[in-house]
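Each chain is listed here by its residues.
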Amino acid sequence: QVQLVESGGGLVQPGASLRLSCAASGRAFSRYPMGWFRQAPGKEREFVAAISSSGGRTIYADSVKGRFTISRDNAKDTVYLQMNSLKPEDTAVYSCAVAKIISSRPSDFSAWGQGTQVTVSS
């Protein structure tokens with residue numbers, strides 16, 4: 001089973017950018033869609049973005065569309081989330097996960113990483 005490790009989070013001011021990375025180990029990373037989710041304290045886990053196995057199709061939550069970009073490099077077994085124009089409401093722990101099909105539903109994903117903290121504050 002694939003294992004995932006997120007990195008790249010940090011503390012930034014509103015309007016700043018961050019790029020998150022999700023490094024995979026295990027079997028057949030390149031054959032599966034990948035997604036990013038986030039969860040803030042006291043809030044439910046929220047879909048952010050997903051990408052098909054080839055990288056040819058992407059979907060985004062309305063709240064991040066136009067600001068965030070998901071991408072992947074299958075040769076490096078890594079998926080990325082480029083986050084621009086960050087807002088305080090983007091503050092959360094961001095986790096990546098594997099799916100069988102491209103989806104925005106948490107129940108369609110498995111092999112979750114432990115997450116990386118993103119804090120946006122002035």
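What you are looking at is a predicted structure, and each value in this text was computed from that prediction instead of being measured.

(A) Focus on the state of the cysteines. According to the stated counting rule, one finds one disulfide in the structure shown. Between the sulfur atoms of Cys22 and its disulfide partner Cys96 the distance amounts to 1.9 Å. As the torsion about the S-S bond is roughly 65°, the Cys22-Cys96 disulfide counts as right-handed. Taken together, the residues span a long stretch of sequence, with Cys22 in strand E3 (residues 18-25) and Cys96 in strand E9 (residues 92-99) at a distance of 74 residues. Of the two residues, Cys22 and Cys96, both sit in the buried class.

(B) Molecular detail of the packing of aromatic side chains. Applying the stated criterion to the full structure yields four aromatic pairs. Seen in terms of ring centroids, Phe37 and Phe109 are 4.9 Å apart; in terms of plane orientation they differ by 80°. Their pairing is edge-to-face. Taken together, the residues span a long stretch of sequence, with Phe37 in strand E4 (residues 34-39) and Phe109 in strand E10 (residues 109-110) at a distance of 72 residues. For the pair Phe37 and Phe109, one class covers both residues: buried. With a centroid separation of 6.3 Å and an interplanar angle of 50°, the aromatic rings of Phe109 and Trp112 are classed as tilted. Assessed through its relative accessible area of 26%, Trp112 is described here as partly exposed. Grouped by ring-pair contacts, the aromatic residues Phe37, Phe47, Phe109 and Trp112 constitute a single cluster. Against the face of Trp112 rests Arg45, its NZ or CZ located 4.0 Å from the ring centre. Cation over ring: Arg72 sits above Phe29, and NZ or CZ is 4.6 Å from the ring centre.

Calculation criteria
Residue numbers run consecutively from 1 along every chain, following the written order of its sequence. Under the rules for a predicted model, residues below a pLDDT of 70 receive no local features and side-chain atom pairs below 80 are neither given nor counted, while totals for whole chains, interfaces and linings still include all residues. To obtain the side-chain values, all non-hydrogen atoms of the structure were used and water was disregarded. The definition used for a disulfide is geometric: two cysteine sulfur atoms within 2.5 Å. Segments assigned H or I by DSSP are reported as helices when at least four residues long, segments assigned E as strands when at least two residues long, and all are numbered from the N terminus. Only protein chains enter the area calculation, which uses a 1.4 Å probe; residues under 20% of their type maximum are buried, those over 50% are exposed, and those in between are partly exposed. Working definition: a ring pair exists when centres of Phe, Tyr or Trp rings (six-membered ring for Trp) sit within 6.5 Å. Plane angles under 30 degrees give stacked, over 60 give edge-to-face, the rest tilted. By definition, being over a ring means that NZ of Lys or CZ of Arg is both within 6 Å of the ring centre and within 35 degrees of the ring normal.

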